[in-house]
Amino acid sequence: MNAENAPSVQRGFFEILLEKHGFRIWGIFVGFFVLYILLPPLLLVAVSFNPSGRVQVPTGFSLRWYDVMIQTKSLIDALVKSILLAFLTTVITTLLAIQTALGYRKTRFKTLVIAVMVLPIFLPGLIQGFSLSLLLIEFGGFQRSIWTELAGHVMWALPFAFLVVLTSMSAVNRETVLAAMDLGANEWRAFKDIEYPIIKPGITSAAIFSFVLSFNEFSRTYYLQGIGQTIPTYVWNKITVSITPEIFALSSITVILSLSLIAIATVYLTMVGRVAKSTEERSGRTGLRLARRQKSGAAVPSHPEEA
């Protein structure tokens, strides 16, 4: 059957529409979705500069409420505690994520490890905080303090950090690592010299996500909180009584900090990805030249850079 005699395929309206305007429709959808996510926090930032302190379209620009925020000691104490708690969470979570990802490759029960690690993501934060408070305080005999809060924050941030580090490890060529160990390198040296430079962007991203998740965490902190409040619990206690303008300023700082850290992580990963791709291409060309020299019987340089 030739093309002239082939039966014509009737296309529907939506099929023709997607064929002609599919890219534009997809762009509108993505734009609306991004706007839907960003508009509420950006509106909060705009209100924080409103001189009247009312929830309305800003009628001017003023830093008045930021000045009030700085002069509120309890608020500054909450900010300092949140930063300290987020820093401790970042350090502990990142180290645990690296160690867990390294151990994951050696275990035979990979599916079980993944299931256990991602479980905190799917459990409600209130349930996790309440159950952890029972374990640590009622059964363990611990007092509520920054350390009990830290336990809850690490539990929350660890699954995300683990998945990020594990994903970055997929770029590591295990044959290269095994070859280094065959040549006498121990596991630490092989990780430090071969794996770490490759997964460093993933580790940095895991650290940034851990900081942001801890800084903004409320549910688990509510049940585990000791002396002093964090930013989320401070805001919650304030808005349950009355909404004051300095809360807008504090919320604005939180939004700006979170978005800035995510933007930094995105730009950093993009730049590192380009450099890694360029390095991989150069390494591939160098390896090909070395293989050709070896096949032709020519002298092979001792350093790949000399190839």
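For every chain, the first residue of the written sequence is number 1, and numbering continues from 1 along that sequence. In keeping with the predicted nature of the model, local features appear solely for residues at pLDDT of at least 70, side-chain atom pairs appear and are counted solely at 80 or more, and the whole-chain, interface and lining totals rest on all residues. The basis for every side-chain value is the complete set of heavy atoms in the structure, and neither hydrogens nor water enter the calculation.

### Overview of the overall build of the protein
Secondary structure elements follow DSSP: runs of H or I of four or more residues count as helices, runs of E of two or more count as strands, with numbering from the N terminus. The helix and strand tally for the protein stands at 11 helices and 0 strands. When its helices and strands are written in sequence order, the protein yields α-α-α-α-α-α-α-α-α-α-α. A buried classification covers 32% of the 307 residues belonging to the protein. By sequence separation, contacts in the protein at least 24 residues apart represent 67% of the contacts at least 6 residues apart. Split by element, the accessible area of the protein, about 19,900 Å² in all, is 68% carbon and sulfur. Classification of residues uses two cut-offs on accessible area relative to the type maximum, computed with a 1.4 Å probe and protein chains only: under 20% is buried, over 50% is exposed, and between them is partly exposed. In this description, contact between two residues means that some pair of their heavy atoms is separated by no more than 4.5 Å. The protein chains shown are the only cover counted for residues, whose accessible areas, like all others here, come from Shrake-Rupley with a 1.4 Å probe.

### What to know about the packing of aromatic side chains
Only rings of Phe, Tyr and Trp enter the pairing, Trp through its six-membered ring, and a pair is recorded when the two centres are within 6.5 Å. The plane angle decides the type: under 30 degrees is stacked, over 60 is edge-to-face, the rest tilted. The full count for this structure, using the stated rule, is 7 aromatic pairs. Aromatic side chains tyrosine 222 and tyrosine 223 sit 5.4 Å apart centroid to centroid with 85 degrees between the ring planes, which places their arrangement in the edge-to-face category. When its relative accessible area of 25% is taken as the criterion, tyrosine 223 is described as partly exposed. Ring pairs connect the aromatic residues Phe130, Phe218, Tyr222, Tyr223 and Trp236, which therefore count as one cluster. In this analysis the charged atom, NZ for Lys or CZ for Arg, is taken to sit over a ring once it is within 6 Å of the ring centre and within 35 degrees of the ring normal. Sitting above the plane of the tyrosine 104 ring, lysine 110 keeps its charged end 5.6 Å from the centroid.

### Remarks on the packing of helix α7 (residues 174–182) against helix α8 (residues 187–215)
Pairs of packed helices are described in terms of their axes, by the angle between the two and the distance that separates them. Orientation of α7 relative to α8, taken along the N-to-C sense of each, is 135 degrees, at an axis distance of 9 Å. Overall, the two elements α7 and α8 adopt an arrangement that is oblique. The handedness of the crossing between α7 and α8 is right-handed. Packed against α7, whose contacting residues are Arg174, Thr176, Val177, Ala180 and Met181, the element α8 presents Glu187, Ala190, Ile194 and Glu195 at the interface. Residues are sorted three ways: Asp, Glu, Lys and Arg are charged, Ala, Val, Leu, Ile, Met, Phe, Trp, Tyr, Cys and Pro are nonpolar, and all the rest, Gly among them, are polar. Classifying every residue of the contact of α7 with α8 gives 5 nonpolar, 1 polar and 3 charged. Axes here refer to lines fitted to C-alpha atoms; in helices the fit is confined to the stretch in contact. Angles between the N-to-C directions go from 0 to 180 degrees. The labels follow the angle: roughly parallel below 35 degrees, roughly antiparallel above 145, roughly perpendicular from 65 to 115, and oblique for the rest. Each crossing is labelled by how the near helix is turned from the far one, with a counterclockwise turn of less than a right angle marking it left-handed and a clockwise turn marking it right-handed.

### Brief notes about the environment of asparagine 173
Structurally, the position occupied by asparagine 173 is in the loop between α6 (146–169) and α7. Linking asparagine 173 and isoleucine 198, residues 25 residues apart in sequence, is a C-alpha distance of 9.8 Å.

### Things to note about the pattern of salt bridges
Within this document, salt bridges are pairs made up of a side-chain nitrogen of Lys or Arg and a carboxyl oxygen of Asp or Glu, the two lying within 4 Å of each other. Tallying each qualifying case throughout the model produces 4 salt bridges. Note that lysine 81 and glutamate 149 form a salt bridge whose closest N and O atoms lie 2.8 Å from each other. In this pair, lysine 81 sits in helix α3 (residues 73–104) while glutamate 149 sits in helix α6, placing the two residues 68 residues apart along the sequence. Residue glutamate 149 is classed as buried on the basis of its relative accessible area of 0%. The partner of arginine 105 in a salt bridge is glutamate 195, and the shortest N-O contact between them spans 2.5 Å. Here arginine 105 is found in the loop between α3 and α4 (110–122), whereas its partner glutamate 195 is found in helix α8, with 90 residues between them in sequence. A relative accessible area of 26% places arginine 105 in the partly exposed class.

### So, the side chain of threonine 90
With respect to the element layout, threonine 90 can be found in helix α3. For threonine 90, a relative accessible area of 12% translates into the label buried. Of note is the side chain of threonine 90, whose polar atom sits 2.7 Å from the backbone oxygen of alanine 86. If sequence neighbours within four positions are ignored, threonine 90 has contacts with Ala207, Ser210 and Phe211. Here a polar contact is taken to be a pair of N or O atoms separated by no more than 3.5 Å, where protein atoms must pair a possible hydrogen donor with a possible acceptor and residues adjacent in sequence count only if both atoms sit in side chains.

### A few points about the nonpolar core
We call a set of buried residues a nonpolar core when its members are Ala, Val, Leu, Ile, Met, Phe, Trp, Tyr or Cys and they connect through side-chain atoms within 4.5 Å of each other. Among the nonpolar cores identified, the biggest contains 21 residues, and Ile98, Ala101, Phe162, Val165, Met169 and Ile199 are the most heavily contacted of them. Dropping the residues within four chain positions of it, valine 165 is found in contact with Ala97, Ile98, Ala101, Gly202, Ile203 and Ala206. Judged by nonpolar contacts, the second largest core, of 17 residues, contains Met69, Ala78, Tyr234 and Ile247.

### Quick notes on a nonpolar patch on the surface
Residues Trp26, Phe29, Val30, Phe32, Phe33, Val34, Tyr36, Ile37, Leu38, Leu42 and Leu259 make up a contiguous nonpolar surface patch of roughly 1,100 Å² in combined accessible area. Tallying contributions element by element places helix α1 (residues 13–48) first for the nonpolar patch, with 10 residues. With respect to the element layout, phenylalanine 29 can be found in helix α1. Exposure remark for phenylalanine 29: the relative accessible area of 48% places this residue in the partly exposed category. Here the term patch refers to residues with relative accessible area over 30% and no salt bridge, with like charges joined within 9 Å and nonpolar side chains (Val, Leu, Ile, Met, Phe, Trp, Tyr) within 5 Å.

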